[in-house]
Amino acid sequence: MRIEIVNGHIIDPRNDVNKQAGIYIEDGKVVAIGKAPEGFAPQTRIDAQGQIVCPGFIDLSARLREPGQVHKASIQSETRAAASAGFTSLCIPPDTKPVIDTPAVLELIKDKAEQCAYTHIYPIAALTHKLAGKELSSMYALKQAGCIAVGHAQTPVQNLLILRRAMEYAATHDLLLMYCPQERALSYQGCAHEGAMASRYGLPGIPVAAETIALMQCIELIDLTGCRVHFRGLSSKRSVVIMAKAKQLGLPVSADVAMHHLHLTDADMLPYNSHYHVSPPLRSQQDKEALLSGVKNGTIDAVCSDHQPHDIDAKLGAFPETEPGMSTLETVLPLMLRLVEQGHLDLAKGIEILSASPAKILTINTGHLAVGSVADICVFDVNTDWQINGETWQSQGQNTPFWQKTMRGKVTTTIQAGKIIYSQ
Amino acid sequence: MLANKNLQLNSLGKLQHFLSIEGLQKSLLTEILDTAESFADMSEQQVKKFPLLRGKTIVNLFFENSTRTRATFELAATRLSADILSMNIATSATSKGESLLDTIRNLEAMQVDMFVVRHSLSGAAHFIAENAAPRISVINAGDGQHEHPTQAMLDMFTIRRVKQSFSGLRIAIVGDILHSRVARSQIHALNILGAEEVRVIAPKTLLPAQVESLGVSVYHDLTVGLKNVDVIIMLRLQKERMNSALLPSESEYFKCFGLSDDKLKIANKDAMVMHPGPINRGVEISSSVADGPQSVILQQVTNGIAVRMAVMSMAMQCNMRTE
């Protein structure tokens, strides 16, 4: 397939490209930028007049709910939604049912994703058997089968000794650990940020210390074990301070934040609206501002969707008993553009945190548009307004606090490995 | 600061559901107290039954155990001539796996008019009010650690009867504020009704985060916190909700935060002593204080019936107007 995208404004942060130019694709790769190669005869021509052309987005955490919870969503539905939102690759946490702790489950997910032919899938394998936090998983076999990293989703490892051994073993096989820091004893039964709003609504709180204590413990173990660790879904100002220090020490660490934590705080929570029930919880305005500064200055490397589609029943009940998580893939781009509009980021930085930065964390050669690179591309219009509703929304999970809201910024074309996987 | 204030009020600003004190106007709270006053007087008559809610069906939906709250709601409904169905849901439908919403839908199908809801989770009454048919009123009889508005209103009623006015009053709420839905409702009600100062007195383990944001001053020493106080509201230690090490022992708690005769003397001479019950004697309060001349604990129970009659009749009349 030969594709040319013309008249668009290319932004490729990794290669410092920010200009109007054509881009030419053949056999799944970028073959030229600016001028078409001699004799290039495109089979498809995309006119991107007035639009941005950038590397396809790479999501560091998206639940697809398959296998095991297809009543919530499926690989088909969510990879299609991801494609419509400009994503070309998704990292899948291991807390599927069954857990991704054997090559068979891992291959099943990859096969299914390939059949669906939307986005590329990077499974994260379980750090311990069945995510029980007791026995190490067969990390070498899982790496051979194609896992990009190991992780523990949001379940706790039983104790620090097991975490230490798991990190040592992961380091042995040069596997990245993707770790959601949360000290379970401190967050037990909590469902909201421990602060004024939780006190007002009588909701059991999760203190910031539940995150920071686990974060600091893991950082100490990084120093001990040499394991490369990516901290997933940080939510607090204190965590940003701790991450800055860890980086100053030269430890092999990186971190991300979910896009909704850069926009919403506990004060935005409508009373008992379960769509605001997420883990980690929406925190204070101060935390939100510090996270934004962290993204801006690079202390926080990337932004992810932390997509968690749910069925209606999962969110229908009293707030504490509902399941945490938002359906977010399709709001990532408009929310990133909102940060740009608000002056927190420039557009190149906004694209970088969704493409080049995740690629760097995963040490994969995508997330940029150099000649010879894999043609993972997103084309979007920054000025298109659209309303989130049953007609526009692609994910099976409609659990978003932005439902019926108008968003600015829409993907018009997504190309993965030279193949158009979404076209408006 | 409830964003969706209208959930409790109909388009005419009348009380349709009674879910929380927060967000309500002083005039509405005063209307509840005034209406309760008329029922309190009538309750002293020989025939204590009024035909206000004849033909209406009220369902007591108690997902959590309760004795006095449930009894006073039943009695209030009976005195208003309503038919009342009391259900202990903890041992029925939901234990068979039925969802809260399905339980509500089934009862709705029985053409009932009001739900009185007690639930162990904060927000449960809101959830039911949002999802129940518009013709049904919902009264929150205590949800998780959130609010227990009728209990707070009966406390306000008791205070007003003794002190006549809220202006200039200093009130201390002592004990397990963290788990107390009553305390949250009391704090909102006292602030709305114009009390001079609301104090909370408790160890740090029994206070919610940033409790001062609710409009209270915070004390960790009972002997300091009781100075110049006109009303002392003791709270029950909710041991059933204490899942972690919150207190070393009941005896140490009583030493530090229990109300004894000596401690009571620190407050103003005519300070009234309240407790929402049930009392843990010798833990939160000594028997001599609980049964002493400054205690209004049993009056609170009596007043609970009048206040619940007031709230039920106001909410039901609101629905009748809507019809």
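Residues numbered from 1 in each chain as written. Chains lettered and ligands numbered in written order. Predicted model: local features only at pLDDT ≥ 70, side-chain atom pairs only at ≥ 80, totals over all residues. Heavy atoms only, no water.

Caption draft 1: Just the interface of chain A and chain B, in detail. Each side of the interface is counted separately: chain A has 20 residues, and chain B has 25 residues. Buried surface at the junction of chain A and chain B, both sides included, amounts to about 1,800 Å², of which 62% is carbon and sulfur. Considering only the side of chain A, the residues that lose the most area to chain B are Ser-199, Arg-200 and Tyr-272 of chain A, jointly responsible for 35% of the buried surface there. If you look at where chain A meets chain B, you find one salt bridge. A salt bridge links Glu-22 of chain B to Arg-200 of chain A; the nearest nitrogen and oxygen atoms lie 2.5 Å apart. In this structure, the connection of chain A to chain B is made through six residue pairs in polar contact (both at pLDDT 80 or more). A class-by-class count of the residues in the side of chain A that touches chain B yields 12 nonpolar, five polar and three charged. (Contact = heavy atoms within 4.5 Å. Buried area = accessible area lost by both parts, 1.4 Å probe. Salt bridge = Lys/Arg side-chain N within 4 Å of Asp/Glu carboxyl O. Polar contact = N/O pair within 3.5 Å; in protein donor to acceptor, adjacent residues only side chain to side chain. Nonpolar A, V, L, I, M, F, W, Y, C, P; charged D, E, K, R; others polar.)

Caption draft 2: Main features of a nonpolar patch on the surface. Residue and element names in this part refer to chain A. On the surface, Leu-136, Tyr-140 and Tyr-169 cluster together into a nonpolar patch covering about 270 Å² of accessible area. Following the sequence through the fold, Tyr-169 ends up in helix 4 (residues 160-172). Among the residues examined, Tyr-169 registers a relative accessible area of 32% and is labelled partly exposed. (Patch = residues over 30% accessible without salt bridge, like charges linked within 9 Å, V, L, I, M, F, W, Y side chains within 5 Å. Areas by Shrake-Rupley, 256 points an atom, 1.4 Å probe, with all protein chains shown as cover. Helix = DSSP H or I, 4+ residues; strand = E, 2+ residues; numbered from the N terminus. Buried < 20%, exposed > 50% of the residue type's maximum accessible area, 1.4 Å probe, protein only.)

Caption draft 3: How the structure looks around the packing of aromatic side chains. Residue and element names in this part refer to chain A. In this structure the tally under the stated criterion is seven aromatic pairs over all chains. Judged by centre distance (5.5 Å) and plane angle (80°), the ring pair of Tyr-24 and Phe-40 falls under edge-to-face. Pair noted here: Tyr-24 is in strand 4 (residues 22-26) and Phe-40 is in the loop between strand 5 (29-34) and strand 6 (44-47), with a separation of 16 residues, a long-range link. When its relative accessible area of 7% is taken as the criterion, Tyr-24 is described as buried. Ring centres of Tyr-201 and Tyr-272 lie 5.5 Å apart, and the angle between their planes is 55°; on these two criteria the pair is classed as tilted. Within this pair, whereas Tyr-201 is found in helix 6 (residues 196-201), its partner Tyr-272 is found in the loop between strand 16 (253-258) and helix 9 (285-297), the two being separated by 71 residues in sequence. (Phe/Tyr/Trp six-rings, centres within 6.5 Å; stacked < 30°, edge-to-face > 60°.)

Caption draft 4: The arrangement of the sheet that holds strand 2 (residues 9-12) of chain A in detail. Residues and elements named next belong to chain A. The mixed open sheet is built from six strands, whose spatial order is 3-2-7-18-19-20. On the outer flanks of this sheet lie strand 3 (17-20) and strand 20 (419-423), each paired with one strand and no other. Each neighbouring strand pair of the sheet contributes to a mean axis angle of 25°, computed without reference to strand direction. With four bridges joining them, strand 7 (residues 52-55) and strand 18 (residues 377-387) adopt antiparallel strand pairing. (Pairing = 2+ DSSP bridges. Axes fitted to C-alpha atoms, helices over the stretch in contact; angles between N-to-C directions.)

Caption draft 5: Representation of the pairing of strand 3 (residues 114-119) of chain B. Residues and elements named next belong to chain B. With six of six residues buried, strand 3 lies mostly within the body of the structure. Side-chain alternation along strand 3 places Met-114, Val-116 and Arg-118 on one buried face and Phe-115, Val-117 and His-119 on a second face that is also buried. Where strand 1 (residues 57-62) lies against strand 3, five bridges are found, and the strand directions are parallel. Paired with Val-59 across the strands is Phe-115, a residue of strand 3. With helix 4 (residues 124-131) bridging strand 3 and its parallel neighbour strand 4 (residues 137-143), the resulting β-α-β unit is right-handed. (Right-handed = clockwise from strand over helix to strand, strands pointing away.)

Caption draft 6: Molecular detail of the sheet that holds strand 9 (residues 87-92) of chain A. Residue and element names in this part refer to chain A. On the basis of which strands lie adjacent, the open sheet formed by eight strands has the order 8-9-10-11-12-15-16-17 and parallel pairing. Edge positions in the sheet fall to strand 8 (57-59) and strand 17 (302-304), since each has one partner strand and no second. Each neighbouring strand pair of the sheet contributes to a mean axis angle of 30°, computed without reference to strand direction. In terms of strand pairing, strand 11 (residues 149-151) meets strand 12 (residues 177-179) through two bridges, oriented parallel. When the sheet's bridge partners are listed, Gly-151 is paired in strand 12 with Met-178. Against the sheet, helix 7 (residues 208-225) touches strand 12, strand 15 (229-231) and strand 16, its axis set at about 170° to strand 15.

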